[in-house]
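# Results of the structural survey
The lines below spell out each chain.
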Amino acid sequence: MDAPAEQTSWIGARLPRREDARFLLGKGQYVSDIQMHGIEEVCFFRSPLAHAVLKGVAKPAGFEGDVYAAGDLGPFVELPAGPDIANYRNVAYPPLARDHVRFVGQVVAACVAPTRGDAEDIVEQVIADLDELPAVVDCVAAMAAGSPRVHEHWPDNAFIVSGATGGDLAAGVAQSTVRVTRRLRMNRQATVPLEGRAVLAYWDDRLDELVVYLSTQGAHVMRLGLSQALGLPENKVHVIAPDVGGGFGGKNRLTPEEIVVCALALKRRTPIRWVEDRREHLIASPHAREHVYDLTLHADRDGRLLALEGDVHIDAGAYPLWPTGAFAEASMAVRNLTGPYRIPHIQFRNFTVATNKSPMGPYRGVARPGACFAIERMVDEMARELGLEPTELRRRNLVTPDEMPFVTAGGMRLDNGDYAKALTTAMGMVDLPALRARQAAGEDDGRRIGVGFAIYTEQSGHGLKEWARRGARVMPSYETCTVRMLPDGSVQLLVGIQSHGQGLETTLAQIAAEELRMDPARIAVRHGDTNVSPFGFGTFASRSTVFAGGAVARSCRILAEKLKRIGGHLLQVDAAATRLAEGQVHGPSGAVPYAEIARAAHVRQEMMPIGVDPVLDVTATYEPAESAGTFSYSAHGVVVAVDPDTGMVEILDYVVAEDCGTMINPMIVDGQVMGGVVQGIGTALLEEIPFDASGQPLATTFADYHMPCASEMPKIRIAHLVTPSEITEYGVKGMGEGGAIAPPAAIANAVADAFRAEGLRMNETPVTPRRVIAALDEAVLRAGHVA
């Protein structure tokens, strides 16, 4: 038969997400959906105080066997959480509080009952004997002499004090003629996925193993942590991540509740389940974002940014979370503070501070939203000081394509791209000249129009050397894929990542289809089961398409060579004379379908060439060639209308000019960008967990913790620049987190721009109406003082 025309590439195809069908039809399966005989539910008694000595726990009469406090379970193995470096202070995070409680919501006891409601009733009867201690709630004040200490055996409240230097700060300051000093603050928030944390554990007597259904971003790493904490061999722990209703980083750390549920399953030998409710999530899940920046930016009168210096305080909460601990946030913040700019001289101190709050974990963007907010607000403030259009100051200082690869003063290797083009594209999308004319004309309703921009770079695909430099105890420097062709010619991809909204079941199938030249509908992707998939680190840090996609490509190429060898034998031609197309091996004068080749490889071995092993099963790992990673980037532009009387902010337009290299599926890229932008808008305008002086959280329900809703969101317009990476398969770059990084900076810049004549400084998130009015009042006072 004649060979068919070469099919279109699957790379770049806008295929609908195959995952969506089951979700839209209500057929997804989450931990809460799993049914089995004899399930018992857990509710936790949590500390009502932020800091106290725990003297004892009184169990209600009649339920003594159903209430478990410290000493009733375990013993647990304490896991070191954080970097393996000398000056980092580690501290155990006990699954059940022992002698102290250190934040409101810390787990003190677990109550077990046939239903969640019954378990909650037991919790209401538990009494903890607590002697209250002073609470530490401000991460800057916590480092002052005489501050109460969160951990009484520490000399101060720092997990670690570190820093970053580059260039020659004194020389940069000497060259400068203009300086701007500001304090900038990004406040605390939660990750708020649709599905909270959830775990169901039971002992399987037939398989002689602990089976754990876990809503997680990385099943294999969680198995490692659980086996160590429980003192079980890894082959006795089987973790299954079913459908996961969002993670955003918060489900990529091992938390006490998950350890306790597993311990209860081992002790009671019944299935035990815990599903986090929303109040538990807001007070006791991993928190994020709380940064304070005290910075000075130096420049000359021509607008050259010469030096940046200052202190960065990170509020890490009371305990470190396994495996990365509390240091990653500060390290990433200071190294990313120069952003995409050519700032040659830096000097920072960074303080990772313990407070009486829920532990800090990763959240989409991890430190970069704070760093982007800080540098982009400083650039706008410097532009105002110099009398320049903020976009012009950016243009003068952005790293250019000709300078790349460019190593920043913070040590980040910006590999390629065109930052100025992204900025120009975003400016054109909002029509900056027309907006300036509109501002000059004024609005009929009295509101003020503002426009703001922000640019970020996002490191992804970083490998072993980068993780080793950070002192990581678990180094996610590779991913693994097993590709398996079954006897009928259909294919399974077994991968160690976890798809929980990224569309990876679709994009990884597209990559395999590209390499195997077959219909992606014939390719199934399996993940989230430690007894099925090869070892992998999971989905986080915008890494899955880079790493897992690379592993899929590598394993499929090896399989393709075997297909050609067997196919050539069946066609009686040399393998070198064959090619793959449309699910067949083609020779000069004929073709054989994969199903025939797979049949020979599995059940008709007499048809195989001599020296070729049966079955079609390949496992391969992948790590990019450059350990420093590859950088995606984006310029965001936003137009707002602000009511000067109420401080209310309305987003009128939002644009994104992004470059994530080659796009496997542009439609999925657009969805990821939009989702990230919406979360970034939440950080910018709405989401915050404040605390009172005693450490009580003041936003514990959605009545107080406000989320962006569809009716409030603008249409997000996206333009794509494509600069393929030179170190990854297909030239892809990570992009899952990027949409959330720039919105706080862009929106704060836009609000400040709306009142630039008044000199408004919008240097704290979220930009609430109260803060807008307060900033206006401060601007008036400053103007009066100057006058």
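Residues numbered from 1 in each chain as written. Predicted model: local features only at pLDDT ≥ 70, side-chain atom pairs only at ≥ 80, totals over all residues. Heavy atoms only, no water.

The secondary structure content of the chain amounts to 18 helices and 31 strands. Taken over C-alpha atoms, the radius of gyration comes to 28 Å for the chain, in line with the 28 Å a tight globule of 787 residues would show. Along the first, second and third principal axes, the C-alpha atoms of the chain reach 95 × 70 × 50 Å. Counting across all 787 residues of the chain, residues that qualify as buried make up 63%. Within the chain, counting contacts between residues at least 6 apart in sequence, those at least 24 apart form 80% of the total. Accessible surface for the chain amounts to roughly 28200 Å². Of this, 53% is attributable to carbon and sulfur atoms. (Helix = DSSP H or I, 4+ residues; strand = E, 2+ residues; numbered from the N terminus. Rg over C-alpha atoms; globule rule 2.2 N^0.38 Å. Buried < 20%, exposed > 50% of the residue type's maximum accessible area, 1.4 Å probe, protein only. Contact = heavy atoms within 4.5 Å. Areas by Shrake-Rupley, 256 points an atom, 1.4 Å probe, with all protein chains shown as cover.)

By volume, the second largest pocket is sized at about 480 Å³. Lining of the second largest pocket is provided by 19 residues; of these, Leu-685, Leu-686, His-706, Thr-768 and Pro-769 occupy positions nearest its centre. A breakdown of the residues in the lining of the second largest pocket according to their chemical character gives 13 nonpolar, two polar and four charged. (1 Å grid on protein atoms, 1.4 Å probe; cavity = no way out; pocket = protein on both sides within 12 Å on 5 of 7 lines; lining within 4 Å. Points joined across faces, edges and corners; volume = space filled by probe spheres on them. Nonpolar A, V, L, I, M, F, W, Y, C, P; charged D, E, K, R; others polar.)

An ideal rise of 1.5 Å per residue puts 27 Å on 19 residues; helix 8 (residues 368-386) measures up with 26 Å between its terminal C-alpha atoms. Of all 19 residues making up helix 8, 17 are buried, and the element is well covered by its neighbours. Immediately beyond the C-terminal end of helix 8, within one or two residues, lies Gly-387, with a positive phi of roughly 75°. (Expected span 1.5 Å × (residues − 1).)

Quick look at the pairing of strand 21 (residues 479-485) now. The two faces of a sheet get side chains in turn, since along a regular strand they alternate between them. Among the seven residues that make up strand 21, six are buried, leaving the element largely enclosed by the rest of the structure. Note that strand 21 and strand 27 (residues 616-622) share seven bridges and pair antiparallel. When the bridges of strand 27 are listed, Met-485 appears paired with Leu-616. Here strand 21 pairs with strand 22 (residues 491-495) via five bridges, running antiparallel. Bridging from a neighbouring strand, Thr-482 pairs with Leu-494 of strand 22. (Pairing = 2+ DSSP bridges.)

Okay, the environment of Ile-511 next. By the secondary structure assignment, Ile-511 is in helix 13 (residues 504-516). Here Ile-511 falls in the buried class, since its relative accessible area comes to 1%. Counting along the chain gives 362 residues from Ile-511 to Arg-149, while the straight-line C-alpha distance between them is 52 Å. Setting aside anything within four residues of it in sequence, one finds Ile-511 in contact with Ile-11, Gly-549, Val-552, Ala-553, Ile-664 and Tyr-730.

A separate point is the packing of aromatic side chains. For the coordinates displayed, the defined rule picks out ten aromatic pairs. Judged by centre distance (6.5 Å) and plane angle (65°), the ring pair of Tyr-93 and Phe-103 falls under edge-to-face. Of this pair, Tyr-93 sits in the loop between strand 3 (67-69) and strand 4 (100-101) while Phe-103 sits in the loop between strand 4 and strand 5 (107-113), placing them ten residues apart in sequence. Since its relative accessible area comes to 1%, Phe-103 is described here as buried. Ring centres 5.1 Å apart and planes at 80° place the aromatic pair Trp-154 and Phe-159 in the edge-to-face group. For the pair Trp-154 and Phe-159, one class covers both residues: buried. Here the guanidinium or amino end of Arg-89 rests over the ring plane of Trp-154, the centre of that ring lying 5.8 Å away. (Phe/Tyr/Trp six-rings, centres within 6.5 Å; stacked < 30°, edge-to-face > 60°. Lys NZ or Arg CZ within 6 Å of the ring centre and 35° of its normal.)

Moving on to the packing of helix 13 against helix 14 (residues 544-571). Closest axis-to-axis distance for the helix 13/helix 14 pair is 8 Å, and the angle between their directions is 30°. The two elements helix 13 and helix 14 cross, and the hand of that crossing is right-handed. On helix 14, the residues that touch Leu-504, Leu-508, Ile-511, Ala-512, Glu-515 and Leu-516 of helix 13 are Ser-544, Thr-545, Ala-548, Gly-549, Val-552, Ala-553, Cys-556, Arg-557, Leu-559, Ala-560 and Leu-563. Taken together, the residues that form the contact of helix 13 with helix 14 break down as twelve nonpolar, three polar and two charged. (Axes fitted to C-alpha atoms, helices over the stretch in contact; angles between N-to-C directions. Left-handed = near helix turned anticlockwise from the far one by under 90°.)

So, on to the sheet that holds strand 22. With mixed pairing, four strands are arranged side by side in an open sheet as 23-22-21-27. Each having just a single partner strand, strand 23 (523-526) and strand 27 make up the two edges of the open sheet. Neighbour to neighbour, the strand axes of the sheet diverge by 20° on average, direction disregarded. Against the sheet, helix 13 touches strand 22 and strand 23, its axis set at about 135° to strand 23.

Another point: the state of the cysteines. Evaluated as defined, the whole model comprises zero disulfides. Cys-43 provides the cysteine sulfur closest to Cys-111, a residue in no disulfide bond, and the two sulfurs are 6.7 Å apart. There is no disulfide at Cys-660, and the cysteine sulfur nearest it, in Cys-372, is 17 Å away. According to the relative accessible area criterion, Cys-660 is buried, its value standing at 2%. (Disulfide = S-S within 2.5 Å.)

Within the chain, residue pLDDT values average 96, and 99% of them lie at 70 or more. Across residues 1-7 the pLDDT falls below 50, and counting only partners more than four positions away or on other chains, this stretch makes 18 contacts in the model. (pLDDT = per-residue confidence, 0-100.)

A few words on the sheet that holds strand 6 (residues 127-132). The three strands lie next to each other as 4-2-6, forming an open sheet whose pairing is antiparallel. The sheet is open, and its two borders are formed by strand 4 and strand 6, each paired with just one other strand. Direction of pairing for strand 2 (residues 52-58) relative to strand 4: antiparallel, over a ladder of two bridges. Counterpart to Ala-52 in the pairing with strand 4 is Val-101.

At a minimum axis distance of 8 Å, the contact between helix 8 and helix 17 (residues 743-754) shows a crossing angle of 25°. Relative to helix 17, the element helix 8 lies roughly parallel. Note on packing geometry: the crossing formed by helix 8 with helix 17 is right-handed. Each of Cys-372, Phe-373, Glu-376, Arg-377, Asp-380 and Arg-384 in helix 8 lies in contact with helix 17, whose residues at this interface are Pro-744, Ala-745, Ala-748, Asn-749 and Ala-752. (Parallel < 35°, antiparallel > 145°, perpendicular 65-115°, else oblique.)

What follows concerns the pattern of salt bridges. All told, the structure shown has 59 salt bridges when counted by the stated rule. Between Asp-66 and Arg-268 there is a salt bridge, with its nearest N and O atoms 3.2 Å apart. Remark: Arg-268 occurs in helix 5 (residues 256-268) and Asp-66 occurs in the loop between strand 2 and strand 3; sequence separation between them is 202 residues. Of the charged contacts, one joins Lys-236 and Asp-208 as a salt bridge, the two residues approaching to 2.4 Å between their closest N and O atoms. Taken as a pair, Lys-236 in the loop between helix 4 (219-230) and strand 12 (237-240) and Asp-208 in the loop between strand 10 (198-204) and strand 11 (209-214) lie far apart in primary sequence, 28 residues in all. What makes Lys-236 partly exposed here is its relative accessible area of 23%. The exposure class of Asp-208 is partly exposed, given its relative accessible area of 37%. Salt bridges here are not isolated pairs; linked through shared partners, they connect Arg-46, Arg-116, Glu-120, Arg-197, Glu-257, Glu-276, Asp-277 and Glu-280. (Salt bridge = Lys/Arg side-chain N within 4 Å of Asp/Glu carboxyl O.)

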